Protein chains: 2
Amino acid sequence: MDVPLFKERISRLRERLREKGVDCIWIVQPENRRYLSGFRATDLQLTESSGSLLINEHDSLLLTDSRYTEEASREAVGFAVKTIQNGIVKGLAGLLPDLGTRRLGFEKDYVTWGIHQELEKTLGELSPPVELVPLDGIVEEMREVKDADEIAALQASADLLSAVMGEIIDFLEPGLTERAVAWKVEELAREGGAEDLAFPSIVASGPNSALPHAVPTDRRLEQGDAVVLDLGVKLNGYCSDMTRTVFLGTPSPVLKKIYRTVREAQAAAIREIRPGLETTFVDGIARNFIKKAGFGDHFGHGLGHGVGLATHEGPRLGPRKPAVLKEGMVVTVEPGIYLPGEGGVRLEEMVLLTAGGARILTRDSHFYDW
Amino acid sequence: MDVPLFKERISRLRERLREKGVDCIWIVQPENRRYLSGFRATDLQLTESSGSLLINEHDSLLLTDSRYTEEASREAVGFAVKTIQNGIVKGLAGLLPDLGTRRLGFEKDYVTWGIHQELEKTLGELSPPVELVPLDGIVEEMREVKDADEIAALQASADLLSAVMGEIIDFLEPGLTERAVAWKVEELAREGGAEDLAFPSIVASGPNSALPHAVPTDRRLEQGDAVVLDLGVKLNGYCSDMTRTVFLGTPSPVLKKIYRTVREAQAAAIREIRPGLETTFVDGIARNFIKKAGFGDHFGHGLGHGVGLATHEGPRLGPRKPAVLKEGMVVTVEPGIYLPGEGGVRLEEMVLLTAGGARILTRDSHFYDW
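Residues numbered from 1 in each chain as written. Chains lettered and ligands numbered in written order. Predicted model: local features only at pLDDT ≥ 70, side-chain atom pairs only at ≥ 80, totals over all residues. Heavy atoms only, no water.

1. Details of the interface of chain B and chain A
Then, number 1: Taken residue by residue, the interface counts 32 residues in chain B and 32 residues in chain A.
Then, number 2: Summing the contributions of chain B and of chain A, the shared interface buries around 3100 Å²; its carbon and sulfur component is 60%.
Then, number 3: Three residues, B:Trp113, B:Trp183 and B:His213, lead the burial of chain B against chain A; their summed loss comes to 24% of the area buried on that side.
Then, number 4: The interface formed by chain B and chain A includes two salt bridges.
Then, number 5: Its salt-bridge partner being A:Glu186, residue B:Arg190 comes within 2.9 Å of it at the nearest N-O pair.
Then, number 6: For the interface between chain B and chain A, the tally reads ten residue pairs in polar contact (both at pLDDT 80 or more).
Then, number 7: Of all the elements in the fold, those that place two or more residues in the side of chain B that touches chain A are helix H3 (69-75), helix H5 (113-124) and helix H8 (178-191) of chain B.
Then, number 8: Per-class residue counts for the side of chain B that touches chain A are 13 nonpolar, eight polar and eleven charged. (Contact = heavy atoms within 4.5 Å. Buried area = accessible area lost by both parts, 1.4 Å probe. Salt bridge = Lys/Arg side-chain N within 4 Å of Asp/Glu carboxyl O. Polar contact = N/O pair within 3.5 Å; in protein donor to acceptor, adjacent residues only side chain to side chain. Helix = DSSP H or I, 4+ residues; strand = E, 2+ residues; numbered from the N terminus. Nonpolar A, V, L, I, M, F, W, Y, C, P; charged D, E, K, R; others polar.)

In structure tokens, the structure reads:
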């Protein structure tokens, strides 16, 4: 475990806490927890947390219960592990006075109303009382720009995914069900060392390929089908995400046309994307291309999203909410065209924003040159 | 899909809403959503919901976005599917006035502080305004008692798990890593038709068997090891959960002793458990047995928990918080003794509470008769 790396993250976080005027932050979101501490456990259910962090100017504590004490002590870098007995509310109430906390920041989109309610009451009765301050995406924002270790981890995850994609494309044949293909993906990913899939695989064939978010069904692949394969693996905590559209036999002229359009729209966006541009501008490059080709009504989602410890993180590349792209961000570029009843095409790469432009992290050459 | 079943659930829910004095409820928790509607989608992340329900005295609506409209329309029984465009807060604000809602119940342990904050503001500005009322476990409580369809689904899930358990025990041999065994479990479960594991498998060998919540490692199984296998599968949405402890070769005398103790403690609890008893009383049967045998300090978790659409649900069987057991509940009975450094033993069955007592749903005869 790279100790200086975690120290540097904590010190950047402390700067943000000073800016926000809180003297301590309570972190419950699992990827934020891992990013700051190195503690790898996942949460079984929303209501079954494996731990949380308390970080102020001088201290870094990891609060967990006895099931996770040993793992946390082994994995968390520079954190004092505290085993709590009677739930998180009493645990916090016991620790915060010793830390001298007066204003405690919390993650407003991850703490439930119920826990907040209990905490507000209990912490308000302390003397001096502790005030709860909602914070919005502080750690998520830090996570948007990847450091060298994260880039290496994302490249390794993308390499494994690229290998799985190549194997699965060779494996496709008429008669297989979508579910059988999805299961093969999982098998290949796990045999390749992935601890998990990054998300449930999309294997969408024939008419199902027109559904951007299709769930694998018992439909059998047929000659002439478009098959959208949107796959992701998780390796050492880092996610990857990639899409290919494959045809079994020769597709119809309209499917050929949308394939060409999507591929050229994607190439144009990847050619242009670089630090300093706005997300909405890059989205617009692909969107306008697709619009000019006459399929503007059939590209209903954003162009891409950040990838890291989570499959979907900031920045989002869409037609709304402009944000400036920075060096070190890793984002997907994934235009698609979906014709209901007929079929759809999506192509997706993961790219790293470098000083001069972008480097594609996913590698696979199953393309058609119509 | 069994339509009367879902109608009956909704009508029981409506009764509870009247008791609670709310005229509409907003359901976001994924298992509650499935229980009431039949909509099977899962949520990719806490912040990426696949849908929610609005239920009042006359209407049942399923709110989702365009990615899930088709699946929701196919699966949700008796619900009108509404596709929302600009997020859930605007979606609710648009629908609630037409429903005549004045007091909207929400799940206090699943709605985040951030969403509640936005909703409170937006709904308070409607005319007439809509008041938000926190509700605690209404649907979770309904889910504790299983109906005939659920019992059949849980038996099917337990049957598949029992088969996987038998195969994996035969597969064990010195030299295999814990991770390789865990992966084999997943393979067998998926080949057997499971859509997923119910939870990450615990395969804890040698000294690791003393950690109740061990994560599979690269440790290789050795002759003389205790191996705790705590496994679960998910079949048609329903979870199962079962534990065996297996020895490679002849265990040490102390491991034999704790094995006998755990097995007898479990048998005593299963013999006694029946509707009408308190959860704490049943926990006490096993706990006192283990205490008398001299291992009272080494059984650090509760005796069991309900199982259904979630692996861990009500009722909890532990030394605190008494609740009365009812016919139709399905719970685990899983005492354990853990000796740090030496090894541990846990045995777990899923049982259905019947009028006269309990029926064991898990079936596997890999026991030792020392």
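2. Focus: the domain arrangement of chain A
All names here are of chain A.
Then, number 1: Domain boundaries assigned for chain A yield domain 1 (3-142) and domain 2 (145-360).
Then, number 2: Its C-alpha centre places domain 1 at a distance of 34 Å from the equivalent point of domain 2.
Then, number 3: Taken together, the contact pairs eight residues of domain 1 with nine residues of domain 2.
Then, number 4: Summing both partners gives a buried area of about 700 Å² for domain 1 against domain 2, and 45% of it is carried by carbon and sulfur.
Then, number 5: The interface formed by domain 1 and domain 2 includes two salt bridges.
Then, number 6: With its nearest N and O atoms 3.0 Å apart, the salt bridge here joins aspartate 147 to arginine 9.
Then, number 7: At the surface where domain 1 touches domain 2, the tally comes to two residue pairs in polar contact (both at pLDDT 80 or more).
Then, number 8: Mapped onto the side of domain 1 that touches domain 2, the elements with two or more residues apiece are helix H1 (3-20), helix H2 (30-37) and helix H6 (138-144).
Then, number 9: If you tally residues by element for the side of domain 1 that touches domain 2, the top one is H2, at three residues. (Domains from an automatic or database assignment.)

3. Here's the deal with the sheet that holds strand E10 (residues 233-235) of chain B
Note on sheets: strands pair through backbone hydrogen bonds, and any given pair is parallel or antiparallel.
Residue and element names in this part refer to chain B.
Then, number 1: A sheet is described by the order of its strands in space; here three strands give the open sequence E7-E10-E11, paired in antiparallel fashion. Whereas interior strands pair on both sides, the edge strands pair on one side only; in this sheet they are strand E7 (196-197) and strand E11 (238-239).
Then, number 2: As judged from the two bridges shared by E10 and E11, these two strands associate in the antiparallel manner. Opposite leucine 235, over in E11, you have tyrosine 238 as the bridge partner. (Pairing = 2+ DSSP bridges.)

4. Structural notes on the side chain of A:Glu348
Residues and elements named next belong to chain A.
Then, number 1: The residue glutamate 348 is located in the loop between strand E17 (343-346) and strand E18 (349-353) in this model.
Then, number 2: Summary of buried charges: glutamate 348 has no salt-bridge partner, and the nearest side chain of opposite charge, arginine 346, is 5.2 Å away.
Then, number 3: Of the polar contacts made by the side chain of glutamate 348, one reaches the side chain of threonine 243; its length is 2.6 Å.
Then, number 4: Ignoring anything within four residues of it in the chain, the contact list for glutamate 348 reads Asp230, Asp241, Met242, Thr243, Arg244, Gln266, His305, Thr332, Val333 and Glu334. (Buried < 20%, exposed > 50% of the residue type's maximum accessible area, 1.4 Å probe, protein only. Lys, Arg positive; Asp, Glu negative; His and termini not counted.)

5. A closer look at the relation of the copies chain B and chain A
In summary, the two copies of the chain are related to each other by a rotation about an axis coupled with a shift along it.
Then, number 1: Overlaying chain B on chain A yields an RMSD of 0.0 Å, the required transformation being a rotation through 180° with an accompanying axial translation of 0.1 Å. Considering both components of the superposition, the chain copies are consistent with a two-fold axis. (Least-squares fit on C-alpha atoms with pLDDT ≥ 70 in both.)

6. Digging into the side chain of B:Glu71
Then, number 1: With respect to the helices, strands and loops of the structure, B:Glu71 is situated in helix H3.
Then, number 2: The charged side chain of B:Glu71 is buried without a salt bridge, its nearest counter-charge being B:Arg74 at 5.4 Å.
Then, number 3: When neighbours within four sequence positions are excluded, B:Glu71 is seen to be in contact with A:Val215, B:Phe39, B:Arg40 and B:Ala41.

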